[in-house]
Structures are given as C-alpha cells and as structure tokens.
Amino acid sequence: MTLDDTIEKHFNRLGHTHKQALKKLNLVTIGDLLFHYPSRYESISDTKPIADLKKGDTAVLYGKIHSLKTKKAFRKKTPIAEGFIEDSTGKIKVIWFHQPYIAKMIENGSHVKLAGKVTGSETSLYLANPEIAVVSEIPLDTGDSLFKNNGDKQNKQMFYPVYPESRGITSRWFYHAIVKMFTNGILDSIEDFVPPAILKKYNLPTLKTALVWIHTPKKTADCMSARKRFAFEEVFFIQLAKQKERHEYEKKSSFKINVDRKKLENFTDRFPFKMTNAQQRAVDEILNDFKTPLPMSRLLEGDVGSGKTAVAASTVYSVTTTNPMGQDFGNLQTAYMVPTEILAKQHFESFISYFSHMPINIGLITSSGCKKFPSKVDPGGATDISRSQLLKWVENGEIPILIGTHALIQKSVKFENLAYVIIDEQHRFGTAQRQKLARKDNISPHLLSMTATPIPRTLALTIYGDLDLTLLDEMPPGRKPVITETVLQAGREKIYEKIRNELKSGRQMYVICPRIDEPDPKKELALNVKSVKEEAKRLKKDVFQEYEIEILHSKIKPKEKDEIMERFLKKEINILVATSVVEVGVNVPNATVIIIEGAERFGLAQLHQLRGRVLRSTHQSYCFVFADTKGSKTIERLKALQGAKNGFELAEFDLSNRGSGELYGRKQSGLSDIAMEAMKNIKMVEAARSEAQKLVAEDPDFKKHPQLQQEIKKREHSLHLE
Ligand code: ADP
Ligand code: MG
C-alpha cells in the first residue's frame, strides 16, 4: 500500500454510493484518505447500551427512534410526546412532558442521541424529558465498539471521530479504513517535512504521531495536539509561500522617495479637514517605508469612511514631488487602481481637488474612456482625451498620477517611472491582477493595498502574509453615528412609516437581502430568506408604490451595475434593493437609510461594513437590522453591532463567539477548517509567520530543507490544478 495507490485498489468492496461519496469529497488516493481529517470528535465514554439501563441512571444513549406520537397524559391532561428508542441490545420508552412538538420535529426512524434520566418502575422503564439530537449515524453498539478491543479499561475517555458530512459514507467507514491503512504500514512511508527544530520549539507532534492522534485519539489532549500541528503546518506553508513571494519582490530595488515633511504638511493643510491621529500614523508608516531601499508592500485596513483616500493622496504627494533618478525635473508616477468605473471617477474628482493647485497632470483610464486634468481650454476642469493620447503621456511620464479600473493593467499601459502602486478595495481583485500592476520592469514599485474588509488580525496576517499591516482604527470626528435598530418581525410596519418620512424629504435607501432569487421551495426549505428580486417586487407593490425601486446583484453585468449605481447617485432611483455587493466603496451621500434583511445570516463585521454605506452624510442616517430569530444569542450579537467602535472589534467578537465559520474573508482565504480554527490563536499564527520569515531569509531556495522544498512544490501543484 502506498500513498499514491487508489482507494479502490485496496478497498475493493466499495459500493456505488461509497464511490460517489468519495468522489464528491475529492478523495481518490490512499494519501487523500490519510489526510482527510475528522471535523470533530464525540465522546462516547458515558454511553450505555439500552439493555444495561437501570432506574435512576443518568444516561447517554444512541439509537433509532420510532413510534413517535403526541397524546395527553391520561390523568393530568398534560400534553406529551412519546416514542421508543432502540439499539441492538433492546428498546426503551421515551416521554417528553409538555413538549408535544418534539414528536413533529423528529422523524420516525432517525438516529438520535439522547441524554436524560431513567425513571418509571423496574418493569416499565422510560426516559423522561431527555435532551435529543438527531445524528447522522450511531457510533457504536455493543459488539462493535470502535475501541473495545484495545483492552484499555483504565482509559475512560473514548473518542469517536466524526468526519465532514457526506451522504453515502459514514465516519465509521473512515475509521475502519484508516485503521486498515495503519495496520498495512502506511505510516512507514511518511516523512515529516516540517523541520524538527521547529516542531520541538513549539512542542508539536511529528507527522506520523499527528496522523495517529487525529484519526484515532485516545485522549482530548492528543487530538488537540494533532490539530494544532496540522493548523501550524498549513499556516506555516502559506507563510513560506508568501515570504518567498516577498523575498522575490524585494530582490529588485525600488525608487527612493524624497520625504519633505514641511511641504507635506502644507499639502495636507489644504485638506478641508484635519487628519486623524490614525491617518497621521498611517502616513508616517508609509513614509518610513519609502525611505528604505526596499520596495514597500503594505496593507492599509480601515473601515468604510475612515479616510483611506486622504492617506493615499498624502503619500502620492511625496512620490509625485520626487524627481526621477538622476534628474532635477519631472515626477515619479503613481498608478491607482479601483474596482469600478464610478469609483474611478470619484477618485479622479477627489485627486483633482487635492492636487489642482499644483502643476500636475492627472489621468483617468476606464474601459469606456479616458480623461485628463487639467484641460487646455479650461484649466480648472478635466477633459476627455483619446486612449492613445493618454497612453503616450503616461509612457513619457507627463502624467504622474493615473487613476483607473482594470483598464490600467493592460499590456498597452506603460509607465516611464512607475514608483507607486495603490490598489483600492484590494479584495475585489485577484492576486494575479494585483501582481500584474506591481510587477513591471525590473524595479519594483512601492505597493499599497487598501481594504475595508474588517478581518481579525490573525486572518489578516495569514492571508496577507506578504504584506505589512497598518490599521486605520479611528473614524474622522463629527460624524453622527448611524442610528442602528434591531427589528424582529413584529415591528416592520412602523419602521416602514419612519422610512417613508426620510424618503419624502428626498433621502435614498438601500435594502440588503441575503439572496438573489427565491429558493426552490422543494429543495431548500431551510433557506427561507428574502431574495432581492422578490423583495423589490413586494416593496413596489405593497409598501413604497410611489418610489423608483431598482435591483443590484452579482449576476448583473459590471457595465449595467455601474449604470445602476450612476442612476442611484443621480437620485433617479430612490430605493436600491441589493445583495451585499454594495459593500464596494461607492459614495452616495444622499443615501441615509439601510435595511438589512435576514441579518442573522451575516457576520457582524459584514453587517458593520454594510452599515458603513450610509455613514457618509451630514444628515442623520439609519440602519434597520431585520432578523428572523428569537434566539437570544443572535439578538445579543446584533446588539454588539449597536455599540461597536469599529469593524475589527466586531470581527474579533465573531471569531471568539461564533467561531471562524462566520468570518468574512473565509471564502477568499481558501483555508481549511483546521487552519480556520487556528485563527483564534494569535501566538501560533505569529510563530508560523516568524519561522517562515527566518527560514526564507536564511535559505530562500530551501536548499537545506529538501523535504520542505518537495512539499512546497506539491502544494503549489495542487493549487494550480484547482
Ligand atoms: P474610505 O476609507 O472608505 O475610503 P474615504 O477616503 O472615502 O473613506 O473618506 C470618506 C470621507 O471622509 C470623505 O468624504 C473624506 O473627505 C472624509 N474625511 C477623510 N478624512 C477625514 C478627516 N480626518 N476628518 C474629516 N473628514 C475626513
Ligand atoms: Mg475608499
């Protein structure tokens, strides 16, 4: 048996459903199976077979439930649900007093786990009001205890690994398959690729031990330790790749930027506001990077409205006022890329207002046209110019600042002295697109990525491992906080009347829904949440007949999306019903109301970001959070939204209260569940990062670590295959 053998070769009695299930899980080889980890563990140490139950026991048991019905207990007329639970040793009656609905919630024939007290008389025992949970399978019955024959009676703690859900294949199958593989000596062929010194330093098990512990743990400490190792390993490999990338980037030199603080102060003094301390700090960090010979790679993370553009503009000033090397005239160039055309235009306008007092050309390039400031005929305004003309001026350096969309990264766009690349809303771009802009010529420009996506520090350090991090954790003063109200179903009508007053006085509104289309009623009963299309129809028909309503979602073409936003900006649309796509930083100051439907489905940080859409106005703004829930936990979470100072706080709140599954950014990150769990552990993430940094600095081509090198290749390869 080797890691590359197919599963079918060694498990030749696989049925059709098994094969389908394995295929769905993307498990082909023995190696795939070995590295397919349980998602959790169930303790089965206190489980009892039904035949052994005695009156007075507090028991946990697994079995199949049947004969469920509701009735009235005959003397007191108490409504009850009752049924029988059966395992291979016997059956016992179960009664729930005052909870008749349980009979309707659980289907006959389901596998369930029950925990409760055994009562009744010796001859007719029953379980009274047990807790019940439906499980996908029964972990053990007498005769077939997974751990029976290990002879370890002392060891009271027993674990049953539960593998990620899949129809057609049970956790028990996995368990036995793994045991068979272990027995066949599969572990003998395993070599650890993490340097032993690192394992030792952080007290992590070797790969072999970790595999045994993760699949067949005997105590909690073992499986925790194994999971820690695999999490570390994954984060470590990501960091290795990122640090290597950075190492390559830094091999090239960069432009040295002159930083004249006095002049810069004069420049920012013209802003119609005073920079916040956070903005000042961010500018300082960037300027410090500019002074070193290495190209900067920095991520600026700040809530919507925290003023990232002003930070960018201040640093662009220094770049623009620096002459190209060996010259005492001319300007170094900046490319500023944003995800949409409207945003590009908005930034073009802002930059004109920041730089118009200087003798500087600013260009705008999008797929629908190009502009240049200042215009020859009207020095105070911009003018349309042809693409070829613009490209010429960019190439000969006459346009030091070029703002644009994706159009900016086409081959035909060449710069004379590109010293600074700014990518706004960077999560909207793929890595490849980002790199295209950053990797021009043989000099690396300084790179500033900006994002409003509030993610916890651990996740940021991991996904953006190649970037240094700057947080803008302070909002400009004087903003009226958004009045946030959580509304459970009952309050709807009143809220609509409140909103009508806002609309009457000319304000506009966003309505955010979790889905685009109605779900297929036969397929997805559980996902009965509002959709953009239906909600827009309903609002038009029943609530806001007199207003113009439009929809916006990810399936609409980019060009149309831009047109819709443009019309919203021009107030031709009063109400925009959208999915969370409106996160993108388009500034519509007149939109002061946002309704978020199905709010329980969004992470807090994301809700906060959506709310940021209405933060830009001098008018009072409102956020109404509609939630279809009575759960006290959800209500508590939504309350946190009302008091939060910034998005990072909320991202951390979600990480510690709901777990990594709720994290915004999870999808983009491509991390496994195990690595996501590790995001709660800042020490581990920092350790993986600093070890990777050290290793890449000492041995950038991994020559001293052949196993590591091989594994990196393997992982790169599997990434490219996706
Ligand atoms: P974001 O971080 O979302 O990109 P912007 O840069 O678009 O935010 O800034 C949002 C608004 O706040 C803009 O209208 C900008 O002029 C204003 N602004 C930026 N910095 C400050 C400040 N220090 N004080 C007051 N207003 C500011
Ligand atoms: Mg912005």
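Computed from a prediction, not measured in an experiment: that's the story for all the values here.

(A) Structural detail: the pairing of strand 4 (residues 90-97). Examined bridge by bridge, strand 3 (residues 79-87) and strand 4 share eight bridges and lie antiparallel to one another. Looking across to strand 4, one finds that Ile-80 is bridged to Phe-97. Hairpin connection of strand 3 to strand 4: two residues between the antiparallel strands. Pairing geometry for strand 4 and strand 6 (residues 124-134), over three bridges, is parallel. Within strand 6, the residue paired with Ile-95 across the bridge is Ala-128.

(B) Structural context of the packing of helix 9 (residues 261-269) against helix 11 (residues 308-320). Their axes nearest at 10 Å, the elements helix 9 and helix 11 cross at an angle of 140°. One way to sum up the angle between helix 9 and helix 11 is to call them oblique. Helix 11 is crossed by helix 9, and the crossing has right-handed handedness. Here Lys-263, Leu-264, Phe-267 and Thr-268 of helix 9 come into contact with helix 11, specifically with Ala-313, Ser-314, Tyr-317 and Ser-318. A breakdown of the residues in the contact of helix 9 with helix 11 according to their chemical character gives four nonpolar, three polar and one charged.

(C) Representation of the side chain of Ser-254. Assignment of secondary structure puts Ser-254 in the loop between helix 8 (220-251) and helix 9. On the accessibility criterion, Ser-254 (9% relative accessible area) is buried. At 2.8 Å, the side chain of Ser-254 forms a polar contact with the backbone oxygen of Ser-444. Among all residues touching Ser-254, those that are not within four sequence positions of it are Pro-293, Leu-294, Pro-295, Ile-443, Ser-444, Pro-445 and His-446.

(D) Structural view of the packing of helix 16 (residues 492-504) against helix 17 (residues 532-543). Viewed as axis vectors pointing N to C, helix 16 and helix 17 meet at an angle of 80°, and their least axial separation amounts to 13 Å. With respect to helix 17, the axis of helix 16 lies roughly perpendicular. Residues Arg-492, Tyr-496 and Arg-500 of helix 16 lie in contact with helix 17, whose contacting residues are Glu-535, Arg-538, Leu-539 and Val-543. Its residues assigned to classes, the contact of helix 16 with helix 17 comprises three nonpolar, no polar and four charged.

The rules behind the values
- Residues numbered from 1 in each chain as written.
- Chains lettered and ligands numbered in written order.
- Predicted model: local features only at pLDDT ≥ 70, side-chain atom pairs only at ≥ 80, totals over all residues.
- Heavy atoms only, no water.
- Pairing = 2+ DSSP bridges.
- Helix = DSSP H or I, 4+ residues; strand = E, 2+ residues; numbered from the N terminus.
- Axes fitted to C-alpha atoms, helices over the stretch in contact; angles between N-to-C directions.
- Parallel < 35°, antiparallel > 145°, perpendicular 65-115°, else oblique.
- Left-handed = near helix turned anticlockwise from the far one by under 90°.
- Contact = heavy atoms within 4.5 Å.
- Nonpolar A, V, L, I, M, F, W, Y, C, P; charged D, E, K, R; others polar.
- Buried < 20%, exposed > 50% of the residue type's maximum accessible area, 1.4 Å probe, protein only.
- Polar contact = N/O pair within 3.5 Å; in protein donor to acceptor, adjacent residues only side chain to side chain.

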